[in-house]
Amino acid sequence: MLELGRYLDRKLVRWAQRKYKALRRHKRRSEEWLRKMKKAYPRQFMHWQVHGAQVG
């Protein structure tokens, strides 16, 4: 299940890079964006609730 959560997080990072110009070429910045989203909205996605707000 942990691998699936990491896979989904990678897909969310890629989505954010496509959606937001500021993140387009910045993998580290995109991952930081995801960390902030996990902290601000921990109940947004089920896999965040199962594994907590850890960054995978």
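The following paragraphs examine the structure supplied in this document. Bear in mind the structure is a predicted one, so any value in this text is a computation, not a measurement. (Residues numbered from 1 in each chain as written. Predicted model: local features only at pLDDT ≥ 70, side-chain atom pairs only at ≥ 80, totals over all residues. Heavy atoms only, no water.)

### Details of a positive patch on the surface
Alright, step 1. A cluster of basic side chains, namely Arg-6, Arg-10, Lys-11, Arg-14 and Arg-18, defines a positive patch on the protein surface.
Alright, step 2. Examined against the element boundaries, Arg-18 turns out to sit in helix H1 (residues 2-19). (Patch = residues over 30% accessible without salt bridge, like charges linked within 9 Å, V, L, I, M, F, W, Y side chains within 5 Å. Areas by Shrake-Rupley, 256 points an atom, 1.4 Å probe, with all protein chains shown as cover. Salt bridge = Lys/Arg side-chain N within 4 Å of Asp/Glu carboxyl O. Lys, Arg positive; Asp, Glu negative; His and termini not counted. Charge placed at Lys NZ, Arg CZ, Asp CG, Glu CD. Helix = DSSP H or I, 4+ residues; strand = E, 2+ residues; numbered from the N terminus.)

### Here's the deal with the packing of aromatic side chains
Alright, step 1. Scanning all chains against the criterion turns up 4 aromatic pairs.
Alright, step 2. For the pair Trp-15 and Tyr-20, a centre-to-centre distance of 6.2 Å together with 85° between the ring planes defines the contact as edge-to-face.
Alright, step 3. Its relative accessible area of 33% is what places Tyr-20 among the partly exposed residues.
Alright, step 4. Measuring from centroid to centroid gives 4.9 Å for Phe-45 and Trp-48, while their planes differ by 80°, and the two rings are edge-to-face. (Phe/Tyr/Trp six-rings, centres within 6.5 Å; stacked < 30°, edge-to-face > 60°. Buried < 20%, exposed > 50% of the residue type's maximum accessible area, 1.4 Å probe, protein only.)

### Describing the pattern of salt bridges
Alright, step 1. A full pass over the atoms with the stated rule returns 3 salt bridges.
Alright, step 2. A salt bridge links Lys-38 to Asp-9; its shortest N-O distance comes to 2.7 Å. Here Asp-9 lies in helix H1 and Lys-38 lies in helix H2 (residues 27-40), a separation of 29 residues in the sequence. Residue Lys-38 shares its accessibility class with Asp-9, and that shared class is buried.

### Overview of the side chain of Lys-38
Alright, step 1. You can call Lys-38 buried: its relative accessible area is 4%.
Alright, step 2. A polar contact is formed between the side chain of Lys-38 and the side chain of Asp-9, at a distance of 2.7 Å. (Polar contact = N/O pair within 3.5 Å; in protein donor to acceptor, adjacent residues only side chain to side chain.)

### Quick notes on a nonpolar patch on the surface
Alright, step 1. Taken together, Met-1, Leu-4, Tyr-7, Leu-8, Met-46 and Val-50 make up a surface patch of nonpolar side chains, about 610 Å² in accessible area.
Alright, step 2. Elements with a contribution of two residues or more to the nonpolar patch: H1 and helix H3 (46-51).
Alright, step 3. Of the residues forming the nonpolar patch, the biggest block, 3 residues, is contributed by H1.
Alright, step 4. Along the chain, Met-46 falls in helix H3.

### Quick word on H1
In an α-helix, one full turn covers 3.6 residues, which means residues spaced three or four apart are oriented alike.
Alright, step 1. Between its first and last C-alpha atoms H1 spans 26 Å; for 18 residues at 1.5 Å apiece the expected length is 26 Å, and the two agree.
Alright, step 2. Every buried residue of H1 is listed here: Gly-5, Asp-9, Leu-12, Val-13, Ala-16 and Gln-17. The arc that holds the buried residues of H1, viewed along the axis, is 140°, so those residues lie on one side. Within H1, the exposed residues directed more than 90 degrees away from the buried face are Glu-3, Arg-10 and Arg-18. (Expected span 1.5 Å × (residues − 1). Arc of directions from axis to C-beta.)

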